[in-house]
Amino acid sequence: MSFVFEEIDYQQTPLGAISLRRRSEPRLDNKILYEVKLNEEFLMSSLFTEAEIQLSNYGLKEFTQDSLEVIVGGLGLGYTAQAALAFDNVASLKVIEVMKPVIDWHQKGLVPLGEELSNDPRCQLVHGDFFDLATSKTHGFDGQAINEDGSNNKVDAILLDIDHSPSYWLNPGNSAFYTEQGLTAMKEKLHPGGIFGLWSDEPPAEDFMKLLNTVFESTDSHVVPFPNPFTRGESTNSVYIARKI
C-alpha cells in the first residue's frame, strides 16, 4: 500500500481554520487515520478514542431506567456519541457542536462514523454553542424557550468533550463554564439523579474535583489508559463524573 495523505476539507471558522485530513501511518503498517486540526493544533485522531468512548460508558452505565435523554457537548469524530447510542435505554441524543464544518463532515459521510450517526433516528446533530445552551436560564438544549413548567429544560446526562481540560480551553470564553456559577447553571438542566461527565487530556485535578464537590452531591474521577504506539508506551486521559441527587 502506498502512502496516503489527503486533506478532505479546510474551512475558516470563528475559532480559526479547521481541517480534516486522512492519512496512512507507516509506523502502524499504513493504518488509515483521520485527524482534525484547528489552526496548527491537533484536536483529535481516530487512533486515540478510548477515553472518548469511556466518557459515555462511565456517564451512562449507572442508569437503569429507559428513555434517557442525553446531551453530548462536542461532536469531534463521533466516538462519544457512538458509545452513547450503544446503550439501548438512550432514547434521545443531542450532540451540540459549535463548528458547522464538523457537522457537515458527518452528514456528508466524510468521516468513518458519519453515516452511522446521521442515520440513527435517536441522534440529532445540533449546530450551537454548548456553553451558552448549558448555562442559559431562558432556553433549553433544543434552543427553544423554556416552558413555564420547565418540561423542555431537563435531561438525564450531559457529557462534555470540547476543551483540552477544565483549565486549558480551545476558546478563552469557555473558561466561565468551569466555575461554581457556570456548573450550577448547567446542573439545573439535569433531572434528579442526572449525571455530568467531562473528558480531560490531563490527570484529574484536585482543585477541579473540589469545585465539582461544591456543586454536586457525588463525584469521582477515572484515569483512562490506552496504548500509544508512537511512544511504545501507555498514555492516559481522564473522565470526571458528577451526580445530581
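Structure's up top.
Everything numeric in this text was worked out from a predicted model, so none of it was measured. (Residues numbered from 1 in each chain as written. Predicted model: local features only at pLDDT ≥ 70, side-chain atom pairs only at ≥ 80, totals over all residues. Heavy atoms only, no water.)

Draft legend 1. Quick peek at unusual backbone geometry. For D29, which is not glycine, the phi torsion reads 55° and is therefore positive. Position of D29 among the secondary structure elements: in the loop between β2 (16–25) and β3 (31–38). Even without glycine at this site, S67 takes up a positive phi of about 60°. Relative to the helices and strands, S67 is located in the loop between α1 (50–60) and β5 (68–73). (Helix = DSSP H or I, 4+ residues; strand = E, 2+ residues; numbered from the N terminus.)

Draft legend 2. Looking closely at the sheet that holds strand β11 (residues 233–243). Strand order in the open sheet made by the seven strands is β7-β6-β5-β8-β9-β11-β10, with mixed pairing throughout. The sheet is open, and its two edges are formed by β7 (123–127) and β10 (218–228), each paired on a single side. With strand direction ignored, the average angle separating the axes of adjacent strands in the sheet is 20°. Here strand β9 (residues 190–200) runs beside β11; their pairing, made up of six bridges, is antiparallel. When the sheet's bridge partners are listed, G197 is paired in β11 with I241. On the sheet, helix α3 (residues 100–107) packs against β6 (90–97) and β7 and is oriented at approximately 150° with respect to β7. (Pairing = 2+ DSSP bridges. Axes fitted to C-alpha atoms, helices over the stretch in contact; angles between N-to-C directions. Contact = heavy atoms within 4.5 Å.)

Draft legend 3. Looking closely at the layout of surface pockets. Reported here for the largest pocket is a volume of approximately 930 Å³. For the lining of the largest pocket, the secondary-structure elements that each account for two or more residues are β2, β3, β4 (41–45), α2 (79–85), α3, α5 (130–135), β10 and β11. Among the residues forming the lining of the largest pocket, the class breakdown is 23 nonpolar, 13 polar and eight charged. (1 Å grid on protein atoms, 1.4 Å probe; cavity = no way out; pocket = protein on both sides within 12 Å on 5 of 7 lines; lining within 4 Å. Points joined across faces, edges and corners; volume = space filled by probe spheres on them. Nonpolar A, V, L, I, M, F, W, Y, C, P; charged D, E, K, R; others polar.)

Draft legend 4. Broad picture of the environment of R27. In this fold, R27 is placed in the loop between β2 and β3. Here the alpha-carbon distance between R27 and F230, two residues 203 residues apart in the chain, equals 7.8 Å. Looking at R27, its side chain comes within polar contact range of the side chain of E25, at 2.8 Å. (Polar contact = N/O pair within 3.5 Å; in protein donor to acceptor, adjacent residues only side chain to side chain.)

Draft legend 5. Quick peek at the sheet that holds β3. Read from one edge to the other, the open sheet built from four strands follows the order β1-β2-β3-β4, with strand pairing classed as antiparallel. The sheet is open, and its two edges are formed by β1 (5–13) and β4, each paired on a single side. Within the sheet, the average angular offset between the axes of one strand and its neighbour, ignoring direction, is 20°. As judged from the four bridges shared by β3 and β4, these two strands associate in the antiparallel manner. Note on β4: the bridge partner recorded for L38 is E41. Contacts from α3 reach β1, β2 and β3 within the one sheet, and its direction differs from that of β2 by about 40°.

Draft legend 6. Inspection of the packing of helix α6 (residues 180–187) against helix α7 (residues 206–215) at higher detail. Contact geometry of α6 with α7 gives a least axis separation of 10 Å together with a crossing angle of 45°. By the angle class used here, α6 and α7 are oblique. The handedness of the crossing between α6 and α7 comes out as right-handed. Contact with α6, carried on its side by E180, L183, T184 and K187, involves F208, L211, L212, T214 and V215 of α7 and no other residues of that element. Its residues assigned to classes, the contact of α6 with α7 comprises five nonpolar, two polar and two charged. (Parallel < 35°, antiparallel > 145°, perpendicular 65-115°, else oblique. Left-handed = near helix turned anticlockwise from the far one by under 90°.)

Draft legend 7. Focus on the pattern of salt bridges. Following the criterion strictly, the structure yields 12 salt bridges and no others. Residue E206 is joined to K210 by a salt bridge in which the shortest nitrogen-to-oxygen separation is 3.6 Å. In this pair, E206 and K210 both sit in helix α7, four residues apart, roughly one turn of the helix. Two residues, D220 and R243, come together in a salt bridge whose shortest N-O distance is 2.7 Å. Separated by 23 residues along the polypeptide, D220 in strand β10 and R243 in strand β11 bring together distant segments of the chain. By relative accessible area, D220 is classed as partly exposed at 22%. For R243, a relative accessible area of 13% corresponds to the buried category. (Salt bridge = Lys/Arg side-chain N within 4 Å of Asp/Glu carboxyl O. Buried < 20%, exposed > 50% of the residue type's maximum accessible area, 1.4 Å probe, protein only.)

Draft legend 8. Local environment of the environment of T219. Inspection of the secondary structure assignment puts T219 in strand β10. Overall, T219 belongs to the buried group, its relative accessible area being 17%. With 130 residues separating them along the chain, T219 and N89 place their C-alpha atoms 23 Å apart. Setting aside anything within four residues of it in sequence, one finds T219 in contact with M209, L212, N213, I241, A242 and R243. Among the polar contacts made by the side chain of T219, one reaches the side chain of N213 at a distance of 2.5 Å.

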